[in-house]
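Listed below are the residues making up each chain.
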Amino acid sequence: MNSRLKVLLISPMYNSSIVAPCLGLGYLASALKKNGHDVLILDGLREKIEYNPSEWDIVGVSAMSTYFPECIEEVKKAKSYGLKTIIGGPHIICDPIQSLIDSGADYAAIGEGERTMTQLAAGLPPAQVDGLAYWNNGKVVQSKQSDSMIGETESGATTFLMKENMYTLQVGKLKRDFQLNIDDFGRPDWSSIDPRTYPVAPHGMIAHAHPIAPIITTRGCPYSCTYCSAPITAGKRMRYRDPKNVVDEIEMLVNDFGVKEIQIEDDNFTLNRKHCITICEEILKRGIKVLWSLPNGVRIDKLDKEMLLLFKKAGCVSMALGIESANQRILDMIK
Ligand code: SF4
């Protein structure tokens, strides 16, 4: 591919009562722009997905399972224009091979897309791109497997294989690489997903003030709840951003984008008490006036009274609790 690509990133339009900037595409746009590429995000929850195909070199489409059919439609449309396509996001990470077959896309990102997308955009042959599934002689194959392993730890059905600034999570035959230092990702490209450009969510959205901005302060979850994709999509090893960086981002969103509510979308925000307490103390120290919430859910066994009182003082207005079921038989069944 050319040294400077024009990359169109699409989050499809789908029927949703949750409307918020697309954080995953924001991180991808940031990584691609840092490497000199031109990027535009079209988010179906914000605007119509309409574009001039002659202006783009490659189209990336993201999907959760709830809107994978809409993702397939966007892939088909882009391919009908003769454009190369790559798919990514939670649905694809969980089953990249079948997703590639179902969608007919050219490539699928098997793990976190930042490295995969920038390597592909830099012109590396698919076989040498980290974390890529692609077509080879009519068959879907996976790009090079991780090497240079220096350690191994068992954790349930999965295996960690450690190497410098990366670790590999193996589930079945598929390996996914995750970057250990998530501060290296920087911030999402907020100019592409400006919270002020998103409509107020229809009834059903857990929000208290507008504009809202989702952020993540950690990636990963070490638990193995059978119904949850988080350990596969974000990895089983907890990775933490520097709390000061997190609060710098919150402060910037409030001052530069007029954000009134921060939604922390971590899979397990309260697992490490010190991490979330430090973020709250930093918000209070800087006197930042913003509401924040935890709509993605926290574990009840990882909360305590002192923590909750500090959360409230620092602006927390709501949190989802991972109760899952009131029936012990169901709880035993879903583990
Ligand atoms: S603790 Fe929460 S995020 Fe982690 S695996 Fe269970 S449901 Fe998923």
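Residues numbered from 1 in each chain as written. Predicted model: local features only at pLDDT ≥ 70, side-chain atom pairs only at ≥ 80, totals over all residues. Heavy atoms only, no water.

### Description of the site of the ligand
This is how it is decided: The criterion for a residue being near a molecule or strand is simple. One of its heavy atoms has to lie within 4 Å of it. Under the grouping applied here, Gly and all other residues not named as nonpolar or charged are polar, the nonpolar ones being Ala, Val, Leu, Ile, Met, Phe, Trp, Tyr, Cys and Pro and the charged ones Asp, Glu, Lys and Arg.
Lining the immediate environment of the ligand, one finds C221, Y223, C225, Y227, C228, A230, P231, D267 and R299. Its residues assigned to classes, the shell around the ligand comprises seven nonpolar, no polar and two charged.

### Some remarks on the sheet that holds strand β2 (residues 38–43)
Note the following rule: Pairs of strands are assigned from DSSP output, requiring at least two bridges between the strands. Put simply, DSSP marks the helices as runs of H or I at least four residues long and the strands as runs of E at least two long, and each gets a number from the N terminus on. Think of each axis as a best-fit line through the C-alpha atoms, taken over the contacting stretch in the case of a helix, with angles from 0 to 180 degrees between the N-to-C directions. It only takes one pair of heavy atoms within 4.5 Å for two residues to be counted as in contact.
Sheet architecture is open: seven strands sit in the order β2-β1-β3-β4-β5-β6-β7, paired in mixed fashion. The open sheet has two edge strands, β2 and β7 (139–142), and neither has a second partner. Going from strand to strand, the sheet's axes swing by 25 degrees on average, the running direction of each strand aside. The pairing of strand β4 (residues 84–88) with strand β5 (residues 107–109) spans two bridges and is classified as parallel. Its bridge partner being in β5, I86 is matched across the sheet by Y107. Contacts from helix α5 (residues 113–121) reach β1 (6–11), β3 (58–62), β4, β5 and β6 (132–136) within the one sheet, and its direction differs from that of β5 by about 145 degrees.

### So, the domain arrangement of the protein
We apply this condition: As annotated, the domain borders come from an automatic or database domain assignment. Two parts placed together each lose some accessible area under a 1.4 Å probe, and adding up what both lose gives the buried area. When a carboxyl oxygen of Asp or Glu is within 4 Å of a side-chain nitrogen of Lys or Arg, the pair counts as a salt bridge.
The domain architecture assigned to the protein consists of domain 1 (6–137) and domain 2 (206–321). Here the C-alpha centre of domain 2 lies 27 Å away from the C-alpha centre of domain 1. Taken together, the contact pairs ten residues of domain 1 with ten residues of domain 2. A combined buried area of about 910 Å² lies between domain 1 and domain 2, and 61% of that area is made up of carbon and sulfur atoms. Counting across the domain 1 and domain 2 interface gives three salt bridges. In this structure, the salt-bridge partner of E112 is R219, at a minimum N-O distance of 3.1 Å.

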